[in-house]
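Chain and residue survey
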Amino acid sequence: MSTLTDHEPLHRPQRTRSFHAVAKTALDLLYQHRIMTTGQLHRLLTPAARGSSYLRRQLADLEESGLVQRLRAQGQAGGGHHFNRPYVWFLTESGADAVEQATEVFSRRYRVTPESAASTRQAHTLAVNEVGCAFVAHAHRLGHDCTPLSWTPEVAHRIRDGQRRFEDDHVISDAVLHYVHVHRQARTMLNLFIELDRATMTTAELAKKVSAYGRLYEFVPQHPDRAKRSAASTRPAWQHTYPAFPRLLIILDGVPGPTLAKRLADRTEDLYTLTRVDPRLARIARQLSVGVTTLQQLRERGPFGQIFTPLLRGTPEERHPLTDMLLRQPSSAAPARHPPASPAPR
């Protein structure tokens, strides 16, 4: 990474040392993923090391040079002490500028500030990055290809024409993750929409967001001038970005406690019921692959464990069995039998 030159404004810290590869990569990760804990950076950058002392020295050098900042994570701390909460790291303005000058990255208008890093979005952003860390760790274990830069947070996709509020015209994925499955030298590239739900919205709102992905699947943008419409106007918008419509993986998490597993299981059942009666989703159910699991299951068993509950498949009485992230239709196995689900609210 190039150093800042003498022509930089005087108020910017000057980089006077050459950083090791770990420090340079840490800058790239923080630029893309916005905020990360020391533990997340350790698992991505120095997973073979017994501890994080080397990484922490590299981060301290970056902090001394004015390229990164840190603050304590929100939430409960072990022993109830503030200093037991992990550090959350993010780039300063100078750090973001240094990354843009030194590497070929898509420039991002968004800049993390101490205020935004400490906002109520902190836990959600860290949890999304925890999903990415789980994919990277299990891809390494399985011999697949998923790197620390394989996911991009908060990717917006237009779902209707017009000039409404941005949130009404777009579905914003918590992340889009690129994964390469390797089997007998054959490489299969997969794109995944990631939705991380920490029970901060109702199940009905979450089902509505799943339905927005159905709208994305069908959305064909139209030029406002009919005379200028071309053959491309018949193609869904997503085909300009993805070779196949990505699978949608919904990862559930929540406040730890003895009832968390039961709460997440109930949320999965409610989500199954609500999405099943959605008219748009029912119409295109065969074209969509949607699965639900928990962050704990993803961490422990990985995306190719039988951990995903398929949505839009089967009936409440005869449900398809748990499957992996490929969400393939079972060929010979009979659907798993479940008690009848409660009727959807009107």
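The preceding data block contains the structure.
Keep in mind the model is a prediction, meaning the values are calculated, not measured. (Residues numbered from 1 in each chain as written. Predicted model: local features only at pLDDT ≥ 70, side-chain atom pairs only at ≥ 80, totals over all residues. Heavy atoms only, no water.)

Helix and strand content of the protein chain: eleven helices and eleven strands. Looking at the protein chain residue by residue over its 346 residues, the buried ones come to 46%. Summarising the internal contacts of the protein chain: among those between residues at least 6 apart in sequence, 58% fall at separations of at least 24. (Helix = DSSP H or I, 4+ residues; strand = E, 2+ residues; numbered from the N terminus. Buried < 20%, exposed > 50% of the residue type's maximum accessible area, 1.4 Å probe, protein only. Contact = heavy atoms within 4.5 Å.)

It is worth spelling out the side chain of Gln-122 at this point. Summarising the element assignment, Gln-122 is placed in helix 6 (residues 122-142). According to the relative accessible area criterion, Gln-122 is buried, its value standing at 2%. In contact with Gln-122, other than residues within four places in its own chain, are Ile-35, Leu-71, Arg-72, Ala-73, Gln-74, Val-88 and Ala-117.

A separate point is helix 4 (residues 93-102). For helix 4, the complete set of buried residues consists of Ser-94, Gly-95, Ala-96, Asp-97, Ala-98 and Val-99. Considering only its buried residues, helix 4 is in contact with helix 1 (21-33) and strand 3 (87-91).

On to the sheet that holds strand 3. The antiparallel open sheet is built from three strands, whose spatial order is 1-3-2. Single-partner strands in this sheet number two, and they are strand 1 (36-37) and strand 2 (68-72). Bridge count between strand 1 and strand 3: two bridges; the pairing is antiparallel. Note that in strand 3 the partner of Thr-37 across the bridge is Val-88. (Pairing = 2+ DSSP bridges.)

Moving on: the sheet that holds strand 7 (residues 247-252). Pairing is mixed across the open sheet formed by six strands, whose spatial order is 4-5-6-7-8-9. In this open sheet, the two edge strands, each paired with only one partner strand, are strand 4 (151-158) and strand 9 (309-310). Looking at chain direction, strand 4 and strand 5 (residues 170-183) are connected through seven bridges and run antiparallel. Counted as the bridge partner of Val-155 is Ser-173 from strand 5. This element, helix 6, spans strand 4, strand 5, strand 6 (186-197) and strand 7 of the sheet and lies at about 10° to strand 5. (Axes fitted to C-alpha atoms, helices over the stretch in contact; angles between N-to-C directions.)

When you line up the elements, Val-105 lands in the loop between helix 4 and helix 5 (114-117). Given the relative accessible area of 36%, Val-105 is considered partly exposed. With 74 residues separating them along the chain, Val-105 and Tyr-31 place their C-alpha atoms 9.3 Å apart. Setting aside chain neighbours within four positions, we find Val-105 in contact with Tyr-31, Val-99 and Glu-100.

Axis separation between helix 1 and helix 2 (residues 38-45) bottoms out at 11 Å; the angle between their running directions is 120°. It follows that helix 1 is oblique to helix 2 by the angle criterion. As helix 1 runs across helix 2, the sense of the crossing is right-handed. On the side of helix 1, the interface is formed by Val-22, Thr-25, Ala-26, Leu-29 and Leu-30, while helix 2 contributes Leu-41, Leu-44 and Leu-45. (Parallel < 35°, antiparallel > 145°, perpendicular 65-115°, else oblique. Left-handed = near helix turned anticlockwise from the far one by under 90°.)

It is worth spelling out helix 3 (residues 53-64) at this point. The end-to-end C-alpha distance of helix 3, which contains twelve residues, comes to 16 Å, matching closely the 16 Å that a straight helix rising 1.5 Å per residue would cover. Turning to helix 3, its buried residues are Leu-55, Gln-58, Leu-59 and Leu-62. Across the axial projection of helix 3, the buried residues extend over an arc of 95°, all falling on one side. Elements in contact with the buried residues of helix 3: helix 1, helix 2, strand 2 and strand 3. (Expected span 1.5 Å × (residues − 1). Arc of directions from axis to C-beta.)

Attention shifts here to the packing of helix 1 against helix 4. At a minimum axis distance of 10 Å, the contact between helix 1 and helix 4 shows a crossing angle of 105°. Regarding the angle of helix 1 to helix 4, the classification is roughly perpendicular. Here helix 1 contributes Leu-27, Asp-28 and Tyr-31 to the contact with helix 4, which in turn contributes Ala-96, Val-99 and Glu-100. The class makeup of the residues in the contact of helix 1 with helix 4 is four nonpolar, no polar and two charged. (Nonpolar A, V, L, I, M, F, W, Y, C, P; charged D, E, K, R; others polar.)

If you trace the backbone, Ser-289 turns up in the loop between helix 10 (279-283) and strand 8 (290-294). Each C-alpha atom of the pair Ser-289 and Leu-327 lies 6.3 Å from the other, and the pair is 38 residues apart in sequence. When residues no more than four places from it in sequence are discounted, the contact partners of Ser-289 are Arg-247, Leu-248, Arg-313 and Leu-327.

Here we take up the pairing of strand 8. With respect to burial, strand 8 is a largely interior element, five of its five residues being buried. A two-sided burial pattern is seen for strand 8, the buried positions comprising Val-290, Val-292 and Thr-294 on one face and Gly-291 and Thr-293 on the other. Inspection of the sheet shows strand 7 paired to strand 8 by five bridges, in the parallel sense. Paired with Leu-248 across the strands is Val-290, a residue of strand 8.

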